[in-house]
Amino acid sequence: VQLQASGGGLVQAGGSLRLSCAASGTISSTFNPLNMAWYRQAPGKQRELVARITSDRRTAYVDSVQGRFTIIRDNARKKLYLQMNSLKPEDTAVYYCYAERAGDNHWGQGTLVTVFS
């Protein structure tokens, strides 16, 4: 397993969750140069980019989560996080972590986030 996502669950609208993604194996030895991201896929919808962070910590977010979600990387622990606040039912999806460098990309297995109103 290269990327292991965790932290999903059931939360009421307005609540918070923090997703984690741990790198292991060969990918962990080259973690620092990786560009990383969180994607999500809601039922019946295409997978979409939620947030990304480059190797030099530049971040970008999809408009729908701007100001509510924060992507964080911890190079020392080889981990990627997604802090999700003020969650909405439309945030319900399977969330995937993703890593890329020089065209070589890796996906985590996904963690389910369900937001109820």
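Residues numbered from 1 in each chain as written. Predicted model: local features only at pLDDT ≥ 70, side-chain atom pairs only at ≥ 80, totals over all residues. Heavy atoms only, no water.

J.: Account for the pairing of strand E10 (residues 104–107), naming residues and giving values.
T.: Each regular strand shows side chains that alternate between the opposite faces of the sheet. Two strands pair when backbone bridges link them, and strand E9 (residues 93–101) and E10 are joined in this way by four bridges, in the antiparallel orientation. Paired with Glu-100 across the two strands is Asn-105, which belongs to E10. In textbook terms, the turn of a hairpin is the stretch between consecutive antiparallel strands, and for E9 and E10 this stretch comprises two residues, one of which, Ala-102, has a positive phi near 55°. (Pairing = 2+ DSSP bridges. Helix = DSSP H or I, 4+ residues; strand = E, 2+ residues; numbered from the N terminus.)

J.: Account for the side chain of Asn-75, with residues named and values stated.
T.: On the secondary structure map, Asn-75 appears in the loop between strand E7 (69–74) and strand E8 (79–84). Polar contacts involving the side chain of Asn-75 include one to the side chain of Arg-73, which spans 2.9 Å. Not counting residues up to four positions away in its chain, the partners in contact with Asn-75 are Phe-31, Asn-32 and Arg-57. (Polar contact = N/O pair within 3.5 Å; in protein donor to acceptor, adjacent residues only side chain to side chain. Contact = heavy atoms within 4.5 Å.)

J.: Describe the state of the cysteines, naming the residues involved and giving the relevant values.
T.: Scanning all chains against the criterion turns up one disulfide. Here Cys-21 is linked by a disulfide to Cys-97, with a sulfur-sulfur distance of 2.2 Å. The sign of the S-S torsion, about 60°, decides the handedness of the disulfide formed by Cys-21 and Cys-97: right-handed. Of the two residues, Cys-21 is situated in strand E3 (residues 17–23) and Cys-97 in strand E9; the sequence distance between them amounts to 76 residues. Both residues of the pair, Cys-21 and Cys-97, belong to the buried class. (Disulfide = S-S within 2.5 Å. Buried < 20%, exposed > 50% of the residue type's maximum accessible area, 1.4 Å probe, protein only.)

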